[in-house]
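Here are the chains, one letter per residue:
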Amino acid sequence: MMDKLPKWADILLVPLISLLLAALVSALVLLAIGQSPMQALTVMVNGAIVSPYGWGYTLYYATSFIFTGLAVSVAYHAGLFNIGAEGQAQLGGLGVALACLFLPWPHWSLALVGAMVGAALFGAAWAAIPAWLQAKRGSHIVITTIMFNYIAAAVLIYLLVEVLRPAGQMDPASARFPATTSLPQFQDIPGLQSLFLRYAADGTVRLNAEGLPLYQKVPANVTFFLAILACVGVWVMLWHTRLGYMIRAFGKSEKAARYAGISAVKITMTVMLISGALAGLMAINNVMGQSERLLQNSAEGAGFIGIAVALMGRNHPVGVFLAAILFGFLYQGGAALGLETAIPIELRTVVQGLVILFTGALDQMVRMMLGWAFRARRTV
Amino acid sequence: MMGAHDTGRQASAAPFAIELKGISKAFGPVQANKDISIQVAKGSIHGIIGENGAGKSTLMSILYGFYKADAGEILINGRPTTIPDSQSAIRAGIGMVFQHFKLVQNFTVLENIILGAEDGPMLATSLGKARKVLADLAREYELDVDPDALVEDLSVGHQQRVEILKALYRQAEILILDEPTGVLTPAEADHLFRILRGLKDQGKTIILITHKLREIMEITDTVSVMRRGQMTATVKTAETNPEQLAELMVGRKVLLHVEKQPANPGRTVLEVENLRVVDEQGVERLKGISLSIRAGEILGIAGVAGNGQSELLEVLGGLTRGTGVVRMNGKTLDLTGRHSDGQSRRADGIAHVPEDRQVLGLIMDFTAWENVAFGYHHAPEYQKNGLLMDNEAIRRDTEAKMATFDVRPPIPTLAAKNFSGGNQQKIVVAREIERNPDLLLVGQPTRGVDIGAIEFIHKQIVALRDAGKAVLLISVELDEIMSLSDRIAVMFDGRIMGERDPATTNERELGLLMAGVSEGAA
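Since the model is a prediction, treat every value here as computed from it, not as a measurement.

Within chain B one finds 17 helices and 22 strands. Considering only residue pairs separated by 6 or more positions, chain B has 66% of its internal contacts joining residues 24 or more positions apart. For chain B, the exposed surface amounts to about 22700 Å²; the carbon and sulfur share of it is 50%. Of the charged side chains in chain B, 58 are positive and 69 negative, and the gap between their average positions amounts to 2 Å.

Next comes the structure, spelled out in structure tokens:
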């Protein structure tokens, strides 16, 4: 019986106002540490959006966040809170590394398919154990997935130091992947290439020794398009397949699902395997597409940011996509702040925290206030 | 503030306990209450009756300060009163017992009673005082509850008593009860009515909201009828009858009795032998049930709630495990849960209208069309190109079912929670009956369903029987069992006490069996 907001206001206005509030409080924080909010905003926008170089980074981060955001969302629809995307993404990285290092690939496109299989398999396998413990033993998945993040980190350190590290190398990392597995980055893609040309001071294109043009290197790569496909795939799966129907039914009411003959064990296992596979696929972006070797702590927190992305994107693929772009912007913009101003890079974390606070935790507050506003307008 | 209008007191003798004048309330385009005026005499039991969605609950929520009326005036004991929140309602002497109790499950009775009415920072004084008051109330009104019992350990009937005690402890003079018998057994309901009469004798005013005509006739002094947000009539209970009230409620003549031809039973559809169920706590819930149902007959199971009826439905519906033998159309069903679930039972020709539609039968957040596919999401006509579900086909099917079963509003994309109880039940019944099952398991088909819908659902069940299908009907409403069943089996303590022919038995005989008094002893 509660007064409801119009749908457009609920979907667009609420997150926008929440973001504005987050920006406002961030500005206050900046003022408090004696910095200019306007300058910070300019630097962030310039650093993350305006130049192709900037959004080449923004979209790179966003790609990782889309995969982990989808991973969290899919599990959430079954009523499962997968906090383990971080560990699953690291294991996905292991799958990518093994596929790239130990199988001969004639061309990057084939390597991509192989690495995807490796990433998805390893990510899913890492999610399978907590899923099994939840389905069969009732061990709470929040606890087990968190613990599995630590186990994943420890397993990878061991493997990187003792097994995968080439003899004589100092840092705990695998060997560099063969050149045939190198994914095209945005500056290598024919249609996008011209955006990344490097110019000399006089406005002419800079050339290399052989007289070919030079390009700026950005980490965004073809995985971005895979991420878009993953969004479409998740949307179709959740709302247009029987599996998705069963997942959502189970997530809404486990008891009713039993009445309908939907098996708790099967759904828990299936959904967590899908979730883990999605998290694992993130490694295509960072391990195969960017670093081209497996590093320690390869996921760099993207698994946790996926939780925020899912929360802000309301567990819908479109929302996840948009939220991932926003967080990509914050990530890259924050890095630019650290480079170009006296504002500490840690402020990036503060701003992210505020965005999560306002869009995730406090959006009911915004919704309530909007409700008042709409009611007032109606009664006038 | 409240004394400003004291002039109203001079004229008549006793002012009304509650007087509402021209109350209106709209939710967006929906006019939930339209110009409602009502006078409730002090020390009387006043019934408010109406179908689900007629606006009864909204009116009471206004009186209890949950909603603010758009227009109108509230007078308590003749004084104009504004009730902006429930605290003010309590101060004005109004107590409310909700349909869904608002108790803290893991608190004791005493702790629940004082919650929000503590006398100070230390609990001991409040608890001591409450214990004394409780003992007095228990003596006065037959309201005995163990003050130290945890609420979660209490039966529903006792939990309701705690709610009433909570209101009385806060010195309520006016008690509003919203559908209080919806969750009670007949015996518990009788007890509740004794309590209410006792309260009335002490001068308390009681407003009883219900859609059950029998209760209105049994206990109220005056009854007001609501339909579509308006108060259509207020009459003295002694001067009216159920048929007239039903007509006032629904707006047309209603058949209160089920019309059906004699049964024409055919082959045996379901055979149950020595069926046993042990629950998770290790308590034996079904202690060797044997029964059979033939095609074209309705077997009614009577009994006080909690005597194994739910377990019988659940084990036959594939939701719980059991031991014994169950044969469906001659095929022995798996009872271990290893090779069977709700899905395989449907494949065996068993449809199941569960007792609790909101917990089992529907997913409240799902749309109507998603709920129509619920449990039948494997049906071939709901699939397309192998992998995808044919949402469009399900929506079309839902539209057809909504038309046949007169579900209102007929909007397939509306969430189940936005339908009234009767229409929710129609969605479930439509889904299960339209599959044309050989056996329909149906539990409490009309619980929380308004009269118009009850008549309709009963007709559908009888029609299924006349089409040569078997029906197992479980209900705590004895009227329903007696008017629908072709045979009646009575359950008590996990056993079948005996079987009766509805044509030759009576409520007294069934009541004895329901209480566990077996044939010889009676």
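There's plenty left to go through after this.
This paragraph deals with helix α13 (residues 391-404) of chain B. An ideal rise of 1.5 Å per residue puts 20 Å on 14 residues; α13(B) measures up with 20 Å between its terminal C-alpha atoms. Regarding α13(B), the residues found buried are B:N391, B:A393, B:I394, B:T398, B:K401 and B:M402. In this structure, the buried side of α13(B) is in contact with α8 (223-240) of chain A together with α12 (368-372), β18 (388-389) and α14 (421-433) of chain B.

Residues A:F65, A:V96, A:I284, A:M288, A:F327 and B:F374 are the most contacted members of the largest nonpolar core, which totals 154 residues. At 13 residues, the largest contribution of residues to this core is made by helix α11 (residues 264-291) of chain A. Counting 35 residues, the second-largest nonpolar core is a separate cluster that includes B:L110, B:V151, B:L192 and B:I195.

Turning our eyes to something else, we now look at the pattern of salt bridges. Residues and elements named next belong to chain B. For the coordinates displayed, the defined rule picks out 34 salt bridges over all chains. R139 is the salt-bridge partner of D136, the closest N and O atoms lying 3.1 Å from each other. Here R139 and D136 lie together in helix α4 (residues 123-141), a separation of three residues that amounts to about one turn. Residue D136 is classed as partly exposed on the basis of its relative accessible area, which comes to 36%. Here the salt bridges share partners, and the residues they tie into one network are K260, R465, D466 and D486.

To continue, consider the domain arrangement of chain B. Quoted interface sizes are often the accessible area lost when the parts come together. Residues and elements named next belong to chain B. For chain B, the assigned domains are domain 1 (1-6 + 15-93 + 212-250) and domain 2 (268-361 + 437-514). For domain 1 and domain 2, the distance between their C-alpha centroids amounts to 39 Å. Our count for the contact surface shared by domain 1 and domain 2 stands at one salt bridge. With a shortest N-O distance of 3.6 Å, D479 and R214 are connected by a salt bridge. Inspection of the domain 1/domain 2 interface yields zero residue pairs in polar contact (both at pLDDT 80 or more). At the level of elements, α7 (213-219) and α8 (242-250) are the ones that each hand at least two residues to the side of domain 1 that touches domain 2.

In this assembly, 31 residues from chain B lie in contact with 20 residues from chain A. Interface of chain B and chain A: buried area, both sides summed, is about 2300 Å²; carbon and sulfur atoms make up 60% of it. Linking chain B with chain A are two salt bridges, by the criterion used here. Note that A:K252 and B:D365 form a salt bridge whose closest N and O atoms lie 3.6 Å from each other. For the pair chain B and chain A, the number of links is 14 residue pairs in polar contact (both at pLDDT 80 or more). The set of elements that each furnish at least two residues to the side of chain B that touches chain A consists of α10 (342-347), α11 (357-361), β18 and α14 of chain B. In terms of residue class, the side of chain B that touches chain A is built from 14 nonpolar, 11 polar and six charged.

Conventions used here
- Sequence order as written defines the numbering, with residues in each chain counted from 1.
- Going through the entries in the order they are written, you letter the chains from A and number the ligands from 1.
- Reporting in this predicted model follows two pLDDT cut-offs: at least 70 for local features of residues, and 80 or more for side-chain atom pairs to be given and counted; totals over whole chains, interfaces and linings ignore these cut-offs and use all residues.
- Calculated side-chain values reflect all of the structure's heavy atoms, with hydrogen atoms and water omitted.
- Helix and strand definitions here come from DSSP, where helices need a minimum of 4 consecutive H or I residues and strands a minimum of 2 consecutive E residues; each element is numbered from the N-terminal end.
- Contacts: residue pairs with any heavy atoms within 4.5 Å of one another.
- Accessible surface is estimated by sampling points in the Shrake-Rupley manner with a 1.4 Å probe; for residues, cover comes only from the protein chains shown.
- In this tally, Asp and Glu contribute negative charge and Lys and Arg positive charge; neither His nor the terminal groups of the chain are included.
- We put the charge of a Lys on NZ, of an Arg on CZ, of an Asp on CG and of a Glu on CD.
- Each residue after the first adds 1.5 Å to the expected span of a helix.
- The buried label applies to any residue whose accessible area, calculated with a 1.4 Å probe on protein chains only, is under 20% of its type's maximum; exposed applies above 50%, and partly exposed to all values in between.
- Only buried Ala, Val, Leu, Ile, Met, Phe, Trp, Tyr and Cys residues count toward a nonpolar core, and they belong to the same one when joined by side-chain atoms within 4.5 Å.
- Each reported salt bridge corresponds to a side-chain nitrogen of Lys or Arg within 4 Å of a carboxyl oxygen of Asp or Glu.
- Domain limits in this description derive from either an automatic procedure or a database domain assignment.
- Two N or O atoms form a polar contact when they lie within 3.5 Å of each other; inside protein one atom must be a possible hydrogen donor and the other a possible acceptor, and for residues adjacent in sequence the pair counts only when both atoms belong to side chains.
- Summed over both partners, the accessible surface that disappears when two parts come together, traced with a 1.4 Å probe, is what is meant by buried area.
- In this classification, Asp, Glu, Lys and Arg are treated as charged, Ala, Val, Leu, Ile, Met, Phe, Trp, Tyr, Cys and Pro as nonpolar, and every other residue, Gly included, as polar.

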